[in-house]
Structures are given as structure tokens and as C-alpha cells.
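# Overview (structure and organization)
Now for the letters of each chain:
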Amino acid sequence: MKARSEKLTLQEAYVQSHHRHHRLVGLCRFLCFFTFLSAWELCADLDIINSFIFSSPSRIAYTIFLMWQDGSLFLHTGVTLLEILISFALVAIVSLGTATLLWCSRTLSEILEPWLVILNSLPKSALAPLLIVWLGSGMRTIIIAGMSVALFGSVISVCTAFRESDPEKIRLIYTLGGNQAQVLYCVIFPESLPAIISILKVNIGLCLVGVIIGEFLSARQGLGYLIIYASQVFKLNYLIAALIILCVIAFGLYQIIARLEHRVRKSRQAQP
């Protein structure tokens with residue numbers, strides 16, 4: 001009983017230390033952000049920087065309030081967020097399916113892998129005008145532009161994660177009379193799940209970049225369109241406000257996947 005109580009005490013101390021660490025990290029992040037905003041506002045008020053070019057936190061906050069009042073905040077943010085989510089979901093589905101096919105067929109993998117590397121190395125900003133010519137302007141073209149930035153690299157990364165699974169476990173399943181489907185279900189997918197989630201965290205940012213590139217060229221709504229319009233008419237408060245909203249979107253989506261990764265990690269650690 002005494003040993004068990006000591007074990008619980010050590011466990012509670014570890015949990016408290018873990019929570020203190022997370023609170024300290026959160027506090028430091030907030031202080032860094034607050035210090036940056038304060039220095040920015042002070043420099044603009046004292047004319048150390050040109051407030052017309054660099055704006056200031058108070059002006060940006062007022063601009064976002066005006067956008068909220070006239071409804072443009074929800075319009076542009078909603079359009080861009082929808083395009084990011086659709087392109088991200090399609091990238092996840094297509095990359096996982098394609099990587100599974102490449103793992104199942106070594107011949108197909110050897111045929112397609114060089115092409116995937118070539119397509120991944122192409123500058124996606126150069127592909128966007130071609131997509132507009134081929135598909136026309138609209139949300140469909142922007143979503144495909146968002147997919148093109150992340151898709152090919154995602155397929156290569158997922159396929160690499162599949163190949164790094166434990167060969168002994170795969171050999172054991174085949175020895176016991178199992179097939180490819182059982183190997184995928186019992187070994188490949190479970191062992192590759194942490195790597196897949198890490199790839200998804202990267203794909204969020206890549207899909208966002210691709211969607212904004214598409215909106216730069218063909219959109220009439222969205223944060224990318226707002227950035228281009230604001231730069232053309234020198235409404236720099238709106239431009240910086242759109243950039244900040246994009247940062248908030250990227251941070252929010254990243255945190256959702258990070259929480260999913262944390263849950264997966266805890267469930268794997270809880271398994272015997």
C-alpha cells in the first residue's frame with residue numbers, strides 16, 4: 001500500500017509539473033504577442049514608423065470592426081475558409097488512397113513515383129494561370145489550385161510512411177495466411193497514423209497558400225481577393241487585417257489537428 005501511494009504521489013507530481021509547463025508556455029506566448037503589439041502601437045503613435053504604410057494594431061482592430069459591421073468580414077473569411085477545408089479534405093482523401101494503391105502495387109509505384117517528384121517540384125504559382133485557362137475562374141479552380149500545392153508531396157510522404165512500417169509484423173501476418181487488406185488494417189494504417197497526422201499539419205498551411213494564390217488570380221470574393229484589392233487602392237489597413245485573419249485561420253486549423261494528434265498519442269500510449 002505504501003509503495004502504491006508513493007507511486008500515485010509521483011504520478012500526481014508529474015501531472016502537476018506537466019500542467020505547469022503548459023501554463024508557462026501559454027503565458028510566455030501571450031507575453032511575446034502582447035509585447036509585439038505594444039511596441040508596434042507605440043512606434044506608430046510616436047511616428048517611429050509610418051503608420052500609413054505599417055498601420056497599427058488599433059487601426060487594424062477598427063478596420064476589422066468595420067468589416068464586421070458591413071458583413072464583408074464573414075463573406076471573405078467564409079469563402080476562403082470553405083475553399084481551404086474542401087481542398088484540404090480532398091488532398092487527405094486522394095493522397096491516402098493513392099499512397100495505398102502505390103503500396104499495394106510495387107510496379108505502379110515505380111512507374112508513377114518519378115512523375116510525382118516532377119509534379120511536386122513544379123512552381124505552383126505558374127500552374128495557377130494554366131488552371132484558370134483550362135477550367136475558368138471560380139471556386140472549383142481555386143480549390144484545385146489549393147490541392148496542387150499539397151497533393152503530390154503529400155502522396156510521396158504518406159507512401160514513405162507506409163514503407164517504413166515494421167517488416168517483421170508484415171511478415172508475420174503473411175506467414176499466418178493474411179492478405180494485403182489485413183496488413184493494411186492491422187499494421188500499415190495504425191503504425192503510419194502519427195506520420196499521417198503530421199503530414200496533415202503541413203498540408204493545412206500548403207492548402208491555405210494554394211487557395212490564396214488562386215484567389216489572387218481569379219476570385220471576386222475571399223481574403224486573397226481582399227489582399228489584392230487593398231494593395232491596388234492602397235488600403236493597407238485592410239491588407240494587413242486580411243493577413244491577420246489568415247494567420248488566425250491557419251492557427252485555428254493547426255490547433256485542431258494538433259489536438260487530434262495529442263489524442264492519438266495518448267490512446268497509443270494507453271494501449272498495452
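Below is a short write-up of the structure.

Thresholds, definitions, all that
Residues numbered from 1 in each chain as written. Predicted model: local features only at pLDDT ≥ 70, side-chain atom pairs only at ≥ 80, totals over all residues. Heavy atoms only, no water. Helix = DSSP H or I, 4+ residues; strand = E, 2+ residues; numbered from the N terminus. Rg over C-alpha atoms; globule rule 2.2 N^0.38 Å. Buried < 20%, exposed > 50% of the residue type's maximum accessible area, 1.4 Å probe, protein only. Contact = heavy atoms within 4.5 Å. Areas by Shrake-Rupley, 256 points an atom, 1.4 Å probe, with all protein chains shown as cover. Phe/Tyr/Trp six-rings, centres within 6.5 Å; stacked < 30°, edge-to-face > 60°. Axes fitted to C-alpha atoms, helices over the stretch in contact; angles between N-to-C directions. Parallel < 35°, antiparallel > 145°, perpendicular 65-115°, else oblique. Left-handed = near helix turned anticlockwise from the far one by under 90°. Nonpolar A, V, L, I, M, F, W, Y, C, P; charged D, E, K, R; others polar.

Now for the overall build of the chain. Along the backbone of the chain there are eleven helices and zero strands. Going from N to C terminus, the chain has its helices and strands arranged as α-α-α-α-α-α-α-α-α-α-α. For 272 residues, the compact-globule estimate of 2.2 N^0.38 gives 19 Å, and the C-alpha radius of gyration of the chain, at 24 Å, exceeds that figure by more than 25%. In terms of overall dimensions, the chain has C-alpha extents of about 70 × 65 × 30 Å along its principal axes. A buried classification covers 34% of the 272 residues belonging to the chain. Considering only intrachain contacts with a sequence separation of at least 6, the fraction spanning at least 24 residues in the chain is 72%. Of the roughly 17000 Å² of accessible surface on the chain, 68% is carried by carbon and sulfur atoms.

This brings us to the packing of aromatic side chains. In total, this model carries five aromatic pairs according to the counting rule given. Ring centres of Y225 and Y229 lie 6.2 Å apart, and the angle between their planes is 20°; this geometry places the pair in the stacked category. One end of the pair is Y225 and the other is Y229, both in helix α10 (residues 223-232) and four residues apart, which spans about a single turn. On the accessibility criterion, Y225 (26% relative accessible area) is partly exposed.

Before going further, it helps to examine the packing of helix α5 (residues 106-121) against helix α7 (residues 139-163). At their nearest, the axes of α5 and α7 sit 8 Å apart, and the two run at 135° to each other. Between α5 and α7, the crossing angle belongs to the class labelled oblique. Where α5 crosses over α7, the handedness of that crossing is left-handed. Every residue of α7 that contacts α5 at S109, E113, L116, V117, L119 and N120 is listed here: F152, G153, V155, I156 and R163. When its residues are assigned to classes, the contact of α5 with α7 shows six nonpolar, three polar and two charged.

This next bit is on the packing of helix α6 (residues 124-135) against helix α9 (residues 180-218). The N-to-C vectors of α6 and α9 enclose an angle of 50°; their axes lie 10 Å apart at closest approach. In terms of their interaxial angle, α6 and α9 are classed as oblique. Where α6 crosses over α9, the two elements pack in a sense that is right-handed. Seen from α6, the contacting residues are S125, A128, P129 and I132; seen from α9, they are I213, L217 and S218.

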